[in-house]
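# Reading the structure
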Amino acid sequence: MHENQVTISLATTTSTQYKDGGGGNTGVNYKVPPCWYQPVQPQDSAASFQKLLQQYNFDEHHTDPGGQGWPDFPQWLQGWTDQLAAHENDKPPGAWYESDCTDWSTSAAQAWGQSNPDFLYVPANTAPVGGVPTITPATLAQYALASTVLPPPTPTFSPDPTQPSYVNLPTWAWQSAGNTLDLTATLGAQSATVVMTPTAMTVTSDGPTARGVPNVCRQVGTVIGVPWVRGDSEPTSPGCGLTFTAPGNYVVHADVIWQITWTSPQVTGVQTFPDVHMNTDTAITSKEIETIN
């Protein structure tokens, strides 16, 4: 029942924002429950649980030597010591979880404490009982992603949208890749770092466009796509763009695709989330090329 606040930190200096407690714009919704179970750390679980019980014993004897504040402490300690011993030969070993609440002074937290055990033993290769909220590195990663406010796309077009594009001539598109974003959520000894990387952009329109011009830009260095330079004709991959086949006023949709991974000191390997899409619309006018007879 220590370190009972989940904290968020931004590992990279960027313009990205986050909303601690959720409310980001990544489409992921996760909020820290008022009370939960979290894995006893580090996860050589039986030894860690034994050390935790020893710490409780030490703290109780030093802060309440007469046993007035917690007269049932010896029975409590013996009961959990017996539970630990009952599972010490489990093969493979299970995991111990510790109960905690953000604010133990609330009536909801006190009701939780009265109706839920202080610790929970979960056999190997099984999940905690359904309906029991747990905070693990995976849920911390969800919390970090749910708190992230990703920047909207800011695509560049050539010709610039303030000028007309022309029928049957390509309109180029590209986007600054910006920074890879790292956001870390921490609870006690647990942590999870989510890494968000913009990797591609799709460009589509509600107007008639010709096939043959790629509408998916790929990241090359610090740019998604390929910027137009004088003398270039039609973009090819990894560049992208659109070619309108009729005059009109159209809306061009740019969708930047963010690749999301997460890691944790408590979890082996790199884990993934589904890609996150951020989009924006740009008004573009397409005109016929005037000919001189």
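Now for a quick tour of the structure. (Residues numbered from 1 in each chain as written. Predicted model: local features only at pLDDT ≥ 70, side-chain atom pairs only at ≥ 80, totals over all residues. Heavy atoms only, no water.)

On to the pairing of strand E4 (residues 95-101), then. Taking burial as the measure, the 7 residues of E4 include 6 buried ones, the bulk of the element. Looking at chain direction, strand E3 (residues 35-39) and E4 are connected through 5 bridges and run antiparallel. Residue pairing for E4: Gln-38 is matched across the bridge by Glu-98. As paired strands, E4 and strand E5 (residues 119-122) are joined by 4 bridges and run antiparallel to one another. Note on E5: the bridge partner recorded for Trp-96 is Tyr-121. (Buried < 20%, exposed > 50% of the residue type's maximum accessible area, 1.4 Å probe, protein only. Helix = DSSP H or I, 4+ residues; strand = E, 2+ residues; numbered from the N terminus. Pairing = 2+ DSSP bridges.)

A separate point is the packing of aromatic side chains. Going through the model one piece at a time under the given rule, you end up with 6 aromatic pairs. Ring geometry for Trp-80 and Trp-96: centres 6.2 Å apart, planes at 80°, overall edge-to-face. With Trp-80 in helix H2 (residues 73-86) and Trp-96 in strand E4, this residue pair connects regions lying 16 residues apart in the sequence. One exposure class covers both Trp-80 and Trp-96, and it is buried. Within the aromatic cluster, the residues linked to one another by ring pairs are Trp-76, Trp-80, Trp-96, Phe-119 and Tyr-121. (Phe/Tyr/Trp six-rings, centres within 6.5 Å; stacked < 30°, edge-to-face > 60°.)

Here we come to the sheet that holds E3. Pairing between sheet strands relies on hydrogen bonds along the backbone, with the strands arranged either parallel or antiparallel. The strand order across the open sheet built from 3 strands is E3-E4-E5, with neighbouring strands paired in antiparallel fashion. Edge positions in the sheet fall to E3 and E5, since each has one partner strand and no second. In this sheet, neighbouring strand axes are inclined to one another by 30° on average, regardless of whether the strands run parallel or antiparallel. (Axes fitted to C-alpha atoms, helices over the stretch in contact; angles between N-to-C directions.)

Moving on, we get to the environment of Gln-78. Assignment of secondary structure puts Gln-78 in helix H2. Judged by its relative accessible area of 44%, Gln-78 is partly exposed. Through-space distance from the C-alpha of Gln-78 to that of Leu-53 is 9.6 Å; in sequence the pair is 25 residues apart. At 2.8 Å, the side chain of Gln-78 and the side chain of Asp-82 are in polar contact. (Polar contact = N/O pair within 3.5 Å; in protein donor to acceptor, adjacent residues only side chain to side chain.)

It is worth spelling out the nonpolar core at this point. Grouped together as the largest cluster of nonpolar side chains are 38 residues, with contacts concentrated most on Val-194, Met-196, Met-201, Val-203, Trp-258 and Ile-260. Contributions of two or more residues to this core are made by helix H4 (137-146), strand E10 (181-187), strand E11 (190-205), strand E14 (240-243), strand E15 (248-264) and strand E16 (267-287). When residues in this core are grouped by element, the largest group, 7 residues, is from E15. With 13 residues, the next largest nonpolar core counts Leu-53, Trp-80, Trp-96 and Phe-119 among its residues. (Core = buried A, V, L, I, M, F, W, Y, C linked by side-chain atoms within 4.5 Å.)

The terminal C-alpha atoms of H2 lie 20 Å apart, and with 14 residues this matches the ideal 20 Å at 1.5 Å per residue to within 8%. Taken residue by residue, H2 has Phe-73, Trp-76, Leu-77, Trp-80 and Leu-84 as its buried positions. Viewed along the axis of H2, the buried residues span an arc of 95°, placing them on a single side of the element. Looking at H2, the residues exposed on the side facing more than 90 degrees away from the buried face are Pro-74, Gln-75 and Ala-86. (Expected span 1.5 Å × (residues − 1). Arc of directions from axis to C-beta.)

Next up on the list: the state of the cysteines. Enumeration according to the criterion identifies 2 disulfides in this entry. Shown here is the disulfide that connects Cys-35 with Cys-101, its sulfur atoms set 1.9 Å apart. In this structure, the disulfide formed by Cys-35 and Cys-101 twists by about 110° around the S-S bond and is classed as right-handed. Taken together, the residues span a long stretch of sequence, with Cys-35 in strand E3 and Cys-101 in strand E4 at a distance of 66 residues. With respect to class, Cys-35 is no different from Cys-101; both count as buried. Paired through a disulfide, Cys-217 and Cys-240 show a sulfur-sulfur distance of 1.6 Å. In this structure the cystine formed by Cys-217 and Cys-240 twists about its S-S bond by roughly -45°; its chirality is therefore left-handed. One end of the pair, Cys-217, is in strand E12 (residues 216-220); the other, Cys-240, is in strand E14, with 23 residues separating them in the sequence. (Disulfide = S-S within 2.5 Å.)

By themselves these figures say nothing about function.
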